[in-house]
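Structural description and commentary
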Amino acid sequence: MCIRDRYMGTLDTLITSDINSSADKMLNNPWRGAEAWHFYILAHKHLYNGDFKTGLKAALRLAEYELEMEPKRVYTLIALAAYLNGSFRECSRAFVKLESIQSLTPEERERFESLAVAIFSKHEPRDTRVEEINCPSKNCGKPISEFATNCKHCGANYQPCVASGKSIFLKEYYTCKACKHKSLERELLQYKLNFCALCHHPIERRL
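Residue numbers here run from 1 along each chain, matching the order of that chain's written sequence. The model is predicted, so local features are restricted to residues of pLDDT at least 70 and side-chain atom pairs to those at 80 or more, both for listing and for counting; the totals for chains, interfaces and linings are taken over all residues. Think of the side-chain values as coming from all heavy atoms in the structure, minus any hydrogens and water.

1. So, the confidence of the model for the protein
- A score from 0 to 100, pLDDT tells how confident the predictor is in each residue. Mean pLDDT for the protein: 86, with 86% of residues reaching 70 or above.
- Helix numbering and strand numbering both begin at the N terminus, where a helix is a DSSP run of H or I of at least 4 residues and a strand a DSSP run of E of at least 2. Within the protein, helix H3 (residues 52-60) carries the highest mean pLDDT (97), whereas helix H1 (residues 3-28) carries the lowest (42).

2. Some thoughts on the environment of Phe-95
- Relative to the helices and strands, Phe-95 is located in helix H5 (residues 88-99).
- Sequence separation between Phe-95 and Glu-113 is 18 residues; the distance between their C-alpha atoms is 8.1 Å.
- The residues touching Phe-95, leaving out its near neighbours within four places in the chain, are Ala-79, Phe-112, Leu-115, Ala-116, Ile-119 and Phe-120. Contacts are residue-level and defined by heavy atoms, with any inter-residue pair within 4.5 Å sufficient.

3. Remarks on the side chain of Lys-57
- Mapped onto the fold, Lys-57 is located in helix H3.
- Not counting residues within four places of it along the chain, the set of residues in contact with Lys-57 comprises Glu-146, Phe-147, Gly-165 and Lys-166.

4. Some details on the environment of Val-74
- Residue placement: Val-74 occurs in helix H4 (residues 71-85).
- Relative accessibility decides the category of a residue: with a 1.4 Å probe and only protein chains considered, values under 20% of the type maximum give buried, values over 50% give exposed, and everything between is partly exposed. A relative accessible area of 0% means that Val-74 is categorised as buried.
- In this view, Val-74 contacts Leu-62, Ala-63 and Met-69; residues no more than four positions away in its chain are not counted.

Structure representation (structure tokens):
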């Protein structure tokens, strides 16, 4: 085999491997984009209805979707939800993220900095409305914030309830038969949902 043939063979292998790798990522996470926009819209719905705490919980989930959604869109919503809920620690964190975005124009950066000064000259960057619960992981049990999406002690990740955007700390949840996403049973009852909030497949009630 000549050098050219070996080169072309290696190139074909690399291209095929790259295509397969990209396809595998898409197959492993086909719902990522839908999830991002679902929680974005859900957070807006909660805020519009005056449920600022749940709105913040749904908005915080968006921090996991920076590749699917523009970071500026993500962290402006988190900052707004945190401000409305009086969660100034989370609000401060969101502003730090906003000010670190490289693609901001000088005008945008100046507006964010000015807004941050206006807020935190009046409010300390700490959360005033937060409850602590114990991490539900079997070998942990350490205290965590109700807004947590993961445990800083044991590293456990908490799956989101697609009905509300809250983290799932309880075992009483329903798993959609179609998309396999979870919803807290009490949230399904509260919002009177008969269909999965994400994929709209009918919910099969337990008899």
